[in-house]
Amino acid sequence: MSHPQSYELLLIPDHSRTRSGAPGRPIRSAVVAATGETGASGYPRYAGEGMEADVDPATRTVEAVLIDGEELDYGMSVQVAAADGERPASR
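A brief structural summary. Computed from a predicted structure; not experimentally measured. (Residues numbered from 1 in each chain as written. Predicted model: local features only at pLDDT ≥ 70, side-chain atom pairs only at ≥ 80, totals over all residues. Heavy atoms only, no water.)

**Things to note about the overall build of the protein chain**
Using the following cut-off: A run of DSSP states H or I qualifies as a helix once it reaches four residues; a run of E qualifies as a strand once it reaches two. Both are numbered from the N-terminal end. Only protein chains enter the calculation, and the probe is 1.4 Å; a residue is then buried if its accessible area is under 20% of its type maximum, exposed if over 50%, and partly exposed in between. Per-residue accessibility takes into account occlusion by the displayed protein chains alone, with areas from the Shrake-Rupley method and a 1.4 Å probe.
If you tally the helices and strands in the protein chain, you get zero helices and eight strands. Sequence-ordered secondary structure for the protein chain, helices as α and strands as β, is β-β-β-β-β-β-β-β. Residues counted as buried form 33% of the 91 residues belonging to the protein chain. For the protein chain, the exposed area adds up to about 5,700 Å²; of that, 47% sits on carbon and sulfur atoms.

As structure tokens, this is what we get:
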């Protein structure tokens, strides 16, 4: 199976969810490129601009992530930015 070569990841504070339940605005984004490795989660690994993530290419879900070498802070989520006409998948 061929995997995408890159994704744009969005770092979003969960506390910024709107009344509709939709996530708020991203506070950081990064374009990550395929490393050719498989992460501990079993999904392809992507890295770039201080973010490293395992992404399930079938669902575009971030399964594991490091931000500047650190685990994701409580109250934060990372999602793959939506391609044109798609809804983003969040974690």
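**As for the environment of Ile27**
Tracing the sequence through the fold places Ile27 in the loop between strand S1 (6-13) and strand S2 (28-38). Owing to a relative accessible area of 57%, Ile27 belongs among the exposed residues under this scheme. Between the C-alpha atoms of Ile27 and Met76, which are 49 residues apart in sequence, the distance is 10.0 Å.

**Details of the environment of Ser2**
By secondary structure assignment, the location of Ser2 is in the segment before S1. Given a relative accessible area of 66%, Ser2 falls into the exposed group. When the C-alpha atoms of Ser2 and Pro57 are compared, they prove to be 9.0 Å apart, with 55 residues separating the residues in sequence.

**Things to note about unusual backbone geometry**
Positive phi, close to 50°, is recorded for Glu49, a residue that is not glycine. Mapped onto the elements of the fold, Glu49 is located in the loop between strand S3 (44-48) and strand S4 (51-56). Judged by its relative accessible area of 53%, Glu49 falls in the exposed class. The backbone of Arg60 shows a phi angle near 60°, a positive value even though the residue is not glycine. Relative to the helices and strands, Arg60 resides in the loop between S4 and strand S5 (61-67).

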